[in-house]
Amino acid sequence: MQLEMLAMETSAKRFVVVLLMTQLIARHHPSSAVRTDADGRLRYLLTEQQPVDTLVANVAGDAGLSTDDGDARYVLINNNEQTTRLFRIDGDGLLRTSDVVDRDVLCPQQPACSVLLDAAVQRGSDVRIIKIHIEIIDLNDNAPLFAEPETEFHLAEPTPPGILFPLPVAADPDSPLNGVIGYRLSPESDVFGVRVQNLSTGDLDVRLVLYRLLDRQRKDRYTFSLIAFDGGQPQLSGSIVVKIFVEEVRQYLPRFDRSSYEAQVRENSPAGSIVIRLHASAAPRATIIYSFSRRTQVIYGTVFAINSTTGIITLLGAVDRASYNLSV
Ligand SMILES: [Ca+2]
Ligand SMILES: [Ca+2]
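Remember, predicted model here, so these are calculated numbers, not experimental data.

Definitions and cut-offs
Residues numbered from 1 in each chain as written. Chains lettered and ligands numbered in written order. Predicted model: local features only at pLDDT ≥ 70, side-chain atom pairs only at ≥ 80, totals over all residues. Helix = DSSP H or I, 4+ residues; strand = E, 2+ residues; numbered from the N terminus. Buried ≥ 20, exposed ≤ 12 C-beta atoms within 10 Å, placed from the backbone. Contact = placed C-beta atoms within 7 Å. Core = buried A, V, L, I, M, F, W, Y, C linked by C-beta atoms within 7 Å. Pairing = 2+ DSSP bridges. Axes fitted to C-alpha atoms, helices over the stretch in contact; angles between N-to-C directions. pLDDT = per-residue confidence, 0-100.

### Brief notes about the overall build of the protein chain
Along the protein chain, the regular secondary structure elements total five helices and 20 strands. When each of the 328 residues of the protein chain is scored for burial, the buried share is 20%. Excluding contacts between residues fewer than 6 apart, the proportion of contacts in the protein chain whose partners are at least 24 apart in sequence is 64%.

Quick look at the structure:
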């Protein structure tokens with residue numbers, strides 16, 4: 001029995017040592033060659049956020065050129081100045097970073113991020129082009145971030161339980177695996193919750209849910225943290241304070257006829273075309289003012305407009321996506 005345990009312990013130690021060595025190797029070699037891609041480009045991996053001068057590849061060696069040929073001149077040629085300035089190739093054919101590569105600036109929220117470079121090698125009058133493909137590996141270096149620190153809702157006491165209003169969403173420029181994957185309310189409550197749904201656009205729709213009838217005499221205000229968390233290891237999160245006030249019935253808020261509206265727009269519709277008319281009702285003689293949510297206004301304010309008195313949504317510019325999700 002003792003022997004078995006000893007054997008297990010040794011194997012566990014070996015596993016830890018192997019793991020540590022793998023991590024050390026990964027730390028000291030943030031880039032690596034992985035042969036050529038389908039276009040015949042030399043293909044390399046580079047983890048983002050490495051310091052300036054990080055060795056990406058021995059391009060000359062990988063291209064089968066002699067590295068001790070002092071006559072060879074290497075230069076990076078590429079039309080994309082933004083990516084070309086991030087790298088340089090030395091006289092010995094070694095490709096290095098000349099700036100810190102931030103994947104989340106190059107390809108925010110994208111599942112894949114590649115930089116294509118061409119290196120010209122000149123020997124006398126002989127010029128050869130080496131095509132290079134660098135895939136930038138994402139680090140989870142951004143926590144989900146809300147645009148505002150706080151938001152509040154005013155609910156009428158007789159509000160029927162169900163799914164209520166859209167909650168603010170957090171932004172995370174990392175790749176989708178390290179981006180926002182969920183939301184929760186803290187502390188947990190048997191009165192309020194959140195419902196999170198994946199939209200066809202790839203965004204998350206986050207709604208406040210009321211589980212049961214409110215009782216203003218018992219409790220007239222609630223304060224929660226809405227926490228957005230990402231899929232990284234370790235996981236990062238961001239939060240916003242959500243304040244909910246329970247109002248007397250005579251102060252009740254306007255409500256839309258439907259919880260969601262769907263409209264179809266032709267691809268070539270001219271500016272000014274009506275997309276849909278929304279309608280909400282409120283207390284008698286109350287004035288209803290329609291507006292986009294702050295997030296919708298920021299993201300889609302140049303494509304759509306809403307008339308604040310009629311609730312009519314019109315096109316401002318060309319639509320370039322299969323679907324849009326607007327919050328009003
Ligand atoms: Ca993240
Ligand atoms: Ca990142």
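We are not done yet, so read on.
### A closer look at the nonpolar core
Core analysis: the largest hydrophobic core is formed by 22 residues, its most contacted members being V56, V59, L95, L117, A119, I132 and I134. Mapped by element, the contributors of at least two residues to this core are β2 (42-47), β3 (55-58), α2 (59-62), β4 (73-77), β5 (87-89), β7 (114-123) and β8 (126-137). When sequence neighbours within four positions are dropped, the list of residues in contact with I134 reads Y44, L46, V56, S114, V115 and L117. Formed by 17 residues, the second largest nonpolar core is a distinct cluster that contains V169, F192, L208 and L214.

### What about the sheet that holds β5?
Strands sit in the order β3-β6-β5 across an open sheet of three strands; the sheet is antiparallel. The sheet terminates laterally at β3 and β5, the two strands that pair on one side only. Each neighbouring strand pair of the sheet contributes to a mean axis angle of 20°, computed without reference to strand direction. Bridge count between β5 and strand β6 (residues 94-97): three bridges; the pairing is antiparallel. Its bridge partner being in β6, R88 is matched across the sheet by R96.

### Re the sheet that holds strand β20 (residues 312-315)
Strand order in the open sheet formed by three strands is β17-β20-β19, and the pairing between neighbours is antiparallel. Lying at the two open borders of the sheet, with one neighbouring strand each, are β17 (274-277) and β19 (304-306). In this sheet, neighbouring strand axes are inclined to one another by 20° on average, regardless of whether the strands run parallel or antiparallel. As paired elements, β19 and β20 share three bridges and run antiparallel to each other. By the bridge assignment, A305 is partnered in β20 with T314.

### A short note on the environment of K131
Within the secondary structure layout, K131 lies in strand β8. Residue classification places K131 among the partly exposed residues on the basis of 16 C-beta atoms within 10 Å. For the pair K131 and G40, spaced 91 residues apart in the sequence, the C-alpha separation amounts to 7.4 Å. Non-local contacts of K131, meaning those with residues more than four positions away in its chain, are made with D39, G40, R41, L42 and D118.

### Thoughts on the pairing of β20
Every other side chain in a regular strand lies on the same face of the sheet, so the side chains alternate between the two faces. With three bridges connecting them, β17 and β20 associate as antiparallel partners. Its bridge partner lying in β20, R277 is registered against I312. The hairpin turn running from β19 into β20, its antiparallel successor, is five residues long, and G311 in that turn takes a positive phi close to 75°.

### Notes on unusual backbone geometry
In the segment running from S186 into P187, the intervening peptide bond is cis, with an omega of -5°. Mapped onto the elements of the fold, P187 is located in the loop between β11 (180-186) and β12 (192-198). Going from Q233 to P234, the amide bond is cis rather than trans, its omega being 0°. For P234, the location among the structural elements is in the loop between β14 (221-230) and β15 (237-247). Despite not being glycine, Q49 shows a phi value in the positive range, around 70°.

### Regarding the confidence of the model for the protein chain
This prediction gives the protein chain a mean pLDDT of 84; 86% of its residues lie at or above 70. By mean pLDDT, the top-scoring element of the protein chain is β14 (97), and the lowest-scoring one is helix α1 (residues 2-28) (40). Predicted confidence for residues 1-29 stays below pLDDT 50, and this span has zero contacts to residues more than four positions away or in other chains.

### Comments concerning the environment of I274
On the secondary structure map, I274 appears in strand β17. Residues I274 and F304 lie 30 residues apart in sequence; the distance between their C-alpha atoms is 9.7 Å. Once you skip the residues sitting within four places of it in the chain, I274 turns out to touch I312 and T314.

### Observations concerning the environment of G193
For G193, the location among the structural elements is in strand β12. Remark: the alpha-carbon pair of G193 and I163, spanning 30 residues in sequence, is separated by 9.2 Å.

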